[in-house]
Amino acid sequence: MGTDLHELLRSLRVWDPEVTALPPFDPGAAPAEPVELFTRWFAEAVAAGEREPHTMTLATADEDGLPDARIVMLHGADEDGWSFASHVTSRKGRQLAARPYAALTFYWPALGRQVRVRGPVSTAPAEAARADLRMRSTGALAAALTGRQSEALGSLEELARASEAAWERAGREPDAQAASWTLYRLRPDAVEFFQGDERRRHVRLLYRRTDPDWERGLLWP
């Protein structure tokens, strides 16, 4: 017999005190700006053993307004916004060109925490994109040089040939540039911090931009 999905779902223990240590969260002590709290939570996720705390869901909308989502990597967060990168010619790049607004979601299950960020997206200057690519690993550079992201692929052999050539170039030219590589910055209108609770009394703190400041408020779980 095949695997029973429903049985597997019922067997999972979510936020059980025996398997997850949920930290307290006092929203009254939260800083005035969300980047400071995000940085603190990010460091605590790393300390808790999250293997890929910098991965996040990026949600966009296509030309028809239909939603799309995928996992990408955070490249930074500061007063300029939350940064990520991709090819401007990729599916997400085309969607952001048509509708430059997006949402990000981080989930750190070891702590029962989520962070949700949403706002307009802009492209960073070309030099910032080049500097971002220079800081990445050889493998990341090779992937960028392979290019053609989201295009139809004829075969895995075709990918292997293009990838081998890109790896060879990345090793030979560590400063090589991928013309379509683009650094994006999401400047949030809103940032929500969600702390799970084993009794389901989850704490949700929402920051809303009022420029130049932020207003804070709680949400029902």
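If you're wondering where the values come from, they're calculated on a predicted model, not measured in any experiment.

## Regarding the packing of helix α5 (residues 138-146) against helix α6 (residues 156-172)
For the pair α5 and α6, interaxial distance at closest approach is 8 Å and the crossing angle is 125°. Classified by the interaxial angle, the pair formed by α5 and α6 is oblique. The interaxial crossing formed by α5 with α6 has right-handed handedness. Judged by residue contacts, Thr-138, Gly-139, Leu-141, Ala-142, Leu-145 and Thr-146 of α5 engage Leu-159, Ala-162, Ser-163, Ala-166, Trp-167, Arg-169, Ala-170 and Gly-171 from α6.

## Details of the packing of aromatic side chains
For the structure on display, the rule yields twelve aromatic pairs. Residues Trp-15 and Phe-194 carry aromatic rings whose centres are separated by 6.1 Å and whose planes lie at 35° to one another, so their mutual orientation is tilted. On the criterion of sequence distance, the pair formed by Trp-15 in the loop between α1 (5-11) and α2 (34-47) and Phe-194 in strand β8 (residues 190-195) is long-range, its members being 179 residues apart. Pairwise contacts between aromatic rings join Phe-25, Trp-41, Phe-193, Tyr-207 and Trp-214 into one cluster. Above the plane of the ring of Trp-41 lies Arg-113, whose end atom (NZ or CZ) is 4.1 Å from the centre.

## What to know about the environment of Arg-118
Mapped onto the secondary structure, Arg-118 falls in strand β6 (residues 113-123). Separated by 17 residues in the primary sequence, Arg-118 and Tyr-101 have C-alpha atoms spaced 7.6 Å apart. If sequence neighbours within four positions are ignored, Arg-118 has contacts with Tyr-101, Ala-102, Ala-103, Leu-186, Pro-188, Asp-189 and Ala-190.

## A few points about α5
Of all the residues in α5, the buried ones are Ala-140, Leu-141, Ala-142, Ala-144, Leu-145 and Thr-146. Of the surrounding elements, those touching the buried residues of α5 are β4 (81-87), α4 (126-134), α6 and β7 (181-186).

## Some details on the nonpolar core
Of all hydrophobic cores here, the largest spans 29 residues; its most connected members are Trp-82 and Val-115. Among the elements of the structure, α2, β1 (55-61), β4, β5 (101-108), β6, β7, β8 and β9 (203-209) are those that each provide at least two residues to this core.

About the criteria used
- Within each chain, residues carry numbers counting from 1 in the order of the written sequence.
- Side-chain atom pairs in this predicted model are given and counted only at pLDDT of 80 or more, local residue features only at pLDDT of at least 70, and totals for whole chains, interfaces and linings cover all residues.
- As a rule here, side-chain values cover all heavy atoms of the structure and leave hydrogens and water aside.
- The angle between two axes is taken between their N-to-C directions and runs from 0 to 180 degrees, where each axis is a line fitted to C-alpha atoms and a helix contributes only its stretch in contact.
- Secondary structure is summarised from DSSP: a helix means a run of H or I of at least four residues, a strand means a run of E of at least two, and numbering begins at the N terminus for each.
- Comment on the angle field: the value is read as roughly parallel under 35 degrees, roughly antiparallel over 145, roughly perpendicular from 65 to 115, and oblique elsewhere.
- Crossing handedness is defined as follows: a turn of the near helix away from the far one that is anticlockwise and smaller than a right angle gives a left-handed crossing, while the clockwise case is right-handed.
- We call two residues contacting when some pair of their heavy atoms lies within 4.5 Å.
- For Phe, Tyr and Trp, rings pair up if their centres lie within 6.5 Å, where Trp contributes its six-membered ring, and each pair is then called stacked (planes under 30 degrees apart), edge-to-face (over 60) or tilted (otherwise).
- Only when the NZ atom of a Lys or the CZ atom of an Arg is both within 6 Å of the ring centre and within 35 degrees of the ring normal do we say a charge sits over the ring.
- Any residue under 20% of the maximum accessible area for its type is buried, any over 50% is exposed, and the rest in between are partly exposed; the area is computed with a 1.4 Å probe on protein chains only.
- Residues enter a nonpolar core if they are buried and are Ala, Val, Leu, Ile, Met, Phe, Trp, Tyr or Cys, with the set joined through side-chain atoms within 4.5 Å.

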